[in-house]
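# Results of the structural survey
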Amino acid sequence: MKKRILVLMCSALLVMCGALLAFNVAGVFAQNNLSSDVNLHLRDYCDPASFNAAVGPGTCARSTVPGAITFGGFIAELTADKSVGAWRFVPNQVSVAEGATLHLQNLGGETHTFTQVKEFGGGFIAPLNALSGNPVPAPECAQVVNGLLVPQPPGEDNMFIPAGTSAQHLLEHEVNAKYQCCIHPWMRLTITPRQ
Ligand SMILES: [Cu+2]
């Protein structure tokens, strides 16, 4: 008799454990669906020698691809197209649920900013603003002091991400938002709510 009770108790425990496990697994999946994270790559193909000679040491900290784009090539493409295709956020459009985390990875050779703006605009480098057709800086990127552009201080919504580094950005209420690079103002991301 005692043995039978023991077997019953063990069976009940097993069923409870199974139920708990199933519940837990379902919970993990539900959480993943809710906060599905997004990977975002910041890219450029700068050529260290010519960029550092033209702009200053450390501008292009590393070479990421063979046949990188020289500073001359960069300016030529920017002049012709108002943007340089290899300098970009990948993807440039995402749909996310509230609470998603953006995993930002700078795969390029230059520092880029990841800055939330109300409306896309220019950054804090006047010549790049002019050549890209963004004469008016986004106020979140730069302020004009005595006719000169001064970068806004770095912060949670104005992240400076050096070459080869990663950062995270939690989207709490920014499921309808715009982000851009304040150095290369054609690098843009539009975030829309997931339906
Ligand atoms: Cu940039």
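Just so we're clear, the structure is a prediction, and the values are computed from it rather than from any experiment.

### Regarding the overall build of the protein chain
From N to C terminus, the protein chain includes four helices and 11 strands. The proportion of buried residues among the 195 residues of the protein chain is 31%. Across the protein chain, the fraction of contacts at a sequence separation of at least 24, relative to all contacts at a separation of at least 6, is 68%.

### Points about the nonpolar core
Formed by 35 residues in total, the largest nonpolar core has its most connected members in Cys46, Cys141 and Cys182. Those elements that place two or more of their residues in this core are helix H3 (71-81), strand S4 (101-106), strand S5 (112-117), helix H4 (126-131) and strand S11 (188-193). Contacts of cysteine 141, omitting those with residues within four sequence positions, involve Thr115, Val117, Gly121, Gly123, Phe124, Gln152 and Cys182.

### Some details on the sheet that holds strand S1 (residues 38-43)
Pairing within the open sheet is mixed, and its four strands lie in the order S2-S1-S4-S9. At either margin of the open sheet sits one strand with a lone partner, and together these are strand S2 (88-90) and strand S9 (166-170). Between one strand axis and the next, the sheet turns by 25 degrees as a mean value, whatever way the strands run. Strand direction decides the pairing type here: S4 and S9, joined by five bridges, are antiparallel. Looking across to S9, one finds that threonine 101 is bridged to leucine 170.

### Comments concerning the sheet that holds strand S8 (residues 158-161)
Taken in spatial order, the five strands line up as S3-S11-S10-S5-S8 in an open sheet, and their pairing is mixed. Strand pairing shows two members of the sheet lacking a second neighbour, strand S3 (93-96) and S8, which therefore form its edges. Going from strand to strand, the sheet's axes swing by 20 degrees on average, the running direction of each strand aside. Bridge count for S3 against S11 is four bridges, and the pairing is parallel. In the strand pairing of S11, valine 94 is matched with isoleucine 191.

### Focus: the environment of glycine 122
Relative to the elements of secondary structure, glycine 122 occurs in the loop between S5 and H4. Overall, the presence of 22 C-beta atoms within 10 Å leaves glycine 122 in the buried class. When the C-alpha positions of glycine 122 and proline 137 are compared, they lie 3.7 Å apart, and in sequence the two are 15 residues distant. Glycine 122 has contacts with Asn129, Asn134, Pro135, Val136, Pro137, Ala138 and Pro185, leaving out every residue within four places of it along the chain.

### Overview of the confidence of the model for the protein chain
For the protein chain, per-residue confidence averages 86 on the pLDDT scale, and 82% of positions sit at 70 or higher. When the criterion is pLDDT under 50, residues 5-10 qualifies, and its contacts beyond four places in sequence or with other chains add up to zero contacts. Here residues 12-34 is modelled with pLDDT under 50, and outside its nearest four sequence neighbours on either side it reaches two contacts, counting other chains as well.

### Regarding unusual backbone geometry
Here the bond from valine 90 into proline 91 is cis, since omega is 0 degrees, no more than 30 degrees from zero. The topology assignment puts proline 91 in the loop between S2 and S3. If you check the backbone angles, lysine 82 has positive phi at about 65 degrees while not being a glycine. Among the residues examined, lysine 82 registers 13 C-beta atoms within 10 Å and is labelled partly exposed. Residues other than glycine seldom take positive phi values, yet asparagine 146 does so here, at roughly 50 degrees. By secondary structure assignment, the location of asparagine 146 is in the loop between strand S6 (142-145) and strand S7 (148-151). Given 5 C-beta atoms within 10 Å, asparagine 146 falls into the exposed group.

### Remarks on the environment of glycine 108
Among the structural elements, glycine 108 can be located in the loop between S4 and S5. The exposure class assigned to glycine 108 is buried, which follows from the 28 C-beta atoms found within 10 Å. Once the C-alpha coordinates of glycine 108 and alanine 86 are considered, the two residues, 22 residues apart in sequence, prove to be 9.4 Å apart. Here glycine 108 is in contact with Leu42, Arg43, Asp44, Cys46, Thr64 and Ala163, once residues within four sequence places are set aside.

Criteria and thresholds
Residues numbered from 1 in each chain as written. Predicted model: local features only at pLDDT ≥ 70, side-chain atom pairs only at ≥ 80, totals over all residues. Helix = DSSP H or I, 4+ residues; strand = E, 2+ residues; numbered from the N terminus. Buried ≥ 20, exposed ≤ 12 C-beta atoms within 10 Å, placed from the backbone. Contact = placed C-beta atoms within 7 Å. Core = buried A, V, L, I, M, F, W, Y, C linked by C-beta atoms within 7 Å. Pairing = 2+ DSSP bridges. Axes fitted to C-alpha atoms, helices over the stretch in contact; angles between N-to-C directions. pLDDT = per-residue confidence, 0-100.

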